[in-house]
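Below are the chains, spelled out letter by letter.
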Amino acid sequence: MTDLFSSLSLNGYQLPNRIAVSPMCQYSCEPDGQATEWHRVHLGSRAVGGAGIVMTEATAVEPRGRITPHDLGIWSDEHADALAPTTEFIREQGAIPAIQLAHAGHKASKSRPWEGNRPIRPEDGGWEVLSPSPDAYPDFSGELPAMRKADSRALEEVTEAYREAAARSLEAGFEIAEIHAAHGYLLHEFLSPVTNRRDDEYGGSFENRTRLLREVVRAVDTVWPDEKPLFVRISGTDWLEGRPSWELEDSVRLAGDLAALGVDLIDVSSGGIHPAQEAPAGPNFQVPLAERIRSEQGEEVAVGAVGGITEPEQADALVRNGRADLVLVGREFLRDPYFGVHAATELGPEDADSKWPVQYRRAVSGPT
Ligand code: FNR
């Protein structure tokens with residue numbers, strides 16, 4: 001029986017279990033994008049806590065791709081060096097270090113959530129942001145950033161930045177790379193007709209809107225080894241029924257195309273493209289999207305579910321019932337860095353005690 005603690009094999013690569021820390025921005029770098037002690041402790045403690053995969057937050061492939069000036073980045077060798085101690089520590093705990101490679105597109109150049117999440121104009125220390133179309137809708141905050149339509153040179157720069165970022169991720173010790181194509185950031189902005197109103201070969205048809213993502217996947221694939229897993233996070237739907245938008249049918253088709261390019265897992269999130277979205281919330285709120293993609297493309301590509309997964313039994317049921325191959329947990333891992341070992345204790349695999357780090361094991365498994 002496949003369960004939460006069974007190993008997942010992706011093209012021969014073995015993951016220790018089916019629990020991943022979902023990428024979560026920490027906005028905790030100095031404005032140079034380099035990892036700090038915060039990243040080592042934050043990510044490291046989730047590896048101690050029994051996650052099979054520990055994924056970094058959205059990590060910008062170039063400076064203009066940061067959501068805020070405090071985002072993590074990987075656009076130079078120094079950035080890779082700053083991340084190396086974190087990947088080493090994660091590996092020492094028996095977990096797999098993963099990096100989410102991101103470009104925030106026209107949702108870049110903002111203040112941090114706890115500073116208002118407002119666009120920062122270039123004259124105030126921000127920068128001009130890249131967008132598929134110059135007339136994209138207002139930001140979720142209702143304000144317009146300083147936007148520039150991405151010309152073909154900018155698209156080449158972005159694709160090359162992804163390739164270089166993947167090569168540096170390998171140098172930094174990451175075992176999994178995830179391309180962020182969800183949540184209204186650059187690659188999703190190209191996928192969705194809500195934000196992509198181009199009339200060149202990157203706009204219009206499904207084929208054209210998915211072109212940039214396919215080019216990025218191919219560029220990453222030139223440096224990312226075949227034996228290491230490659231994930232893509234997508235928004236399964238824009239949640240904008242009744243108007244031209246990115247829909248679940250598009251995601252099913254895209255998953256097949258990405259599988260053909262060698263992508264190993266589709267990480268299915270949703271939304272983020274437009275403030276009018278009508279997104280559900282609550283337990284498993286995005287799981288039906290993952291489940292549908294898995295039912296249609298599961299022979300070709302593995303599928304990860306995320307969103308509202310907070311209970312060990314709930315996570316286990318998703319795997320046992322074949323609704324997802326991998327479970328990504330976000331906020332619950334913030335509340336409980338030990339979610340993985342707590343799940344093992346609750347679900348009771350025979351070796352549950354061994355999920356605790358050796359330093360704690362005897363102390364926590366005996367009588368109180
Ligand atoms: C997120 N999320 C997110 N997603 C992503 O793809 N890249 C990111 O960097 C971030 N950053 C981020 C920060 C914080 C503080 C939160 C809470 C969320 C979304 C996250 O990965 C996850 O998909 C959602 O939180 C839904 O899962 P949970 O939290 O319900 O398990």
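Residues numbered from 1 in each chain as written. Predicted model: local features only at pLDDT ≥ 70, side-chain atom pairs only at ≥ 80, totals over all residues. Heavy atoms only, no water.

### Section: the site of the ligand
Move 1: Residues in close proximity to the ligand total 16 residues, the closest being Ser22, Pro23, Gly308, Gly330 and Arg331.
Move 2: The contact in question runs from an oxygen atom of the ligand to an N or O atom on the backbone of proline 23, over 2.7 Å.
Move 3: Between the ligand and glycine 308, the relevant distance is 2.7 Å, taken from an oxygen atom to a main-chain nitrogen or oxygen of the residue.
Move 4: Computed on the free molecule, the ligand has an accessible area of 600 Å², of which 81% lies beneath the protein chains in the complex. (Near = heavy atom within 4 Å. Polar contact = N/O pair within 3.5 Å; in protein donor to acceptor, adjacent residues only side chain to side chain. Areas by Shrake-Rupley, 256 points an atom, 1.4 Å probe, with all protein chains shown as cover.)

### Section: the sheet that holds strand S12 (residues 326–329)
Adjacent strands of a sheet form backbone hydrogen bonds with each other and so pair up, either parallel or antiparallel.
Move 1: Strand order in the closed barrel formed by eight strands is S3-S4-S5-S8-S9-S10-S11-S12, and the pairing between neighbours is parallel. On average, each strand axis in the sheet is tilted by 25 degrees relative to the strand beside it, whichever way the strands run.
Move 2: Pairing geometry for strand S4 (residues 53–60) and strand S5 (residues 96–102), over six bridges, is parallel. Residue pairing for S5: methionine 55 is matched across the bridge by alanine 98.
Move 3: Sheet contacts for helix H1 (residues 37–48): strand S3 (19–21) and S4; angle to S4, the most-contacted strand, approximately 150 degrees.
Move 4: Along the sheet, helix H2 (residues 77–92) contacts S4 and S5; its crossing angle with S5, the most-contacted strand, is approximately 140 degrees. (Pairing = 2+ DSSP bridges. Helix = DSSP H or I, 4+ residues; strand = E, 2+ residues; numbered from the N terminus. Axes fitted to C-alpha atoms, helices over the stretch in contact; angles between N-to-C directions. Contact = heavy atoms within 4.5 Å.)

### Here we look at the pattern of salt bridges
Where side chains of opposite charge bring their charged atoms close, a pairing between them can arise.
Move 1: Counted under the stated rule, the structure contains 25 salt bridges.
Move 2: Of the charged contacts, one joins arginine 198 and aspartate 200 as a salt bridge, the two residues approaching to 2.8 Å between their closest N and O atoms.
Move 3: Overall, the relative accessible area of 24% leaves aspartate 200 in the partly exposed class.
Move 4: Between arginine 320 and aspartate 316 there is a salt bridge; the shortest N-O distance is 2.7 Å. One end of the pair is arginine 320 and the other is aspartate 316, both in helix H9 (residues 312–320) and four residues apart, which spans about a single turn.
Move 5: In this structure arginine 320 comes out as partly exposed when scored by relative accessible area, which is 37%.
Move 6: Among the residues examined, aspartate 316 registers a relative accessible area of 7% and is labelled buried. (Salt bridge = Lys/Arg side-chain N within 4 Å of Asp/Glu carboxyl O. Buried < 20%, exposed > 50% of the residue type's maximum accessible area, 1.4 Å probe, protein only.)

Keep in mind these numbers describe shape, not what the thing actually does.
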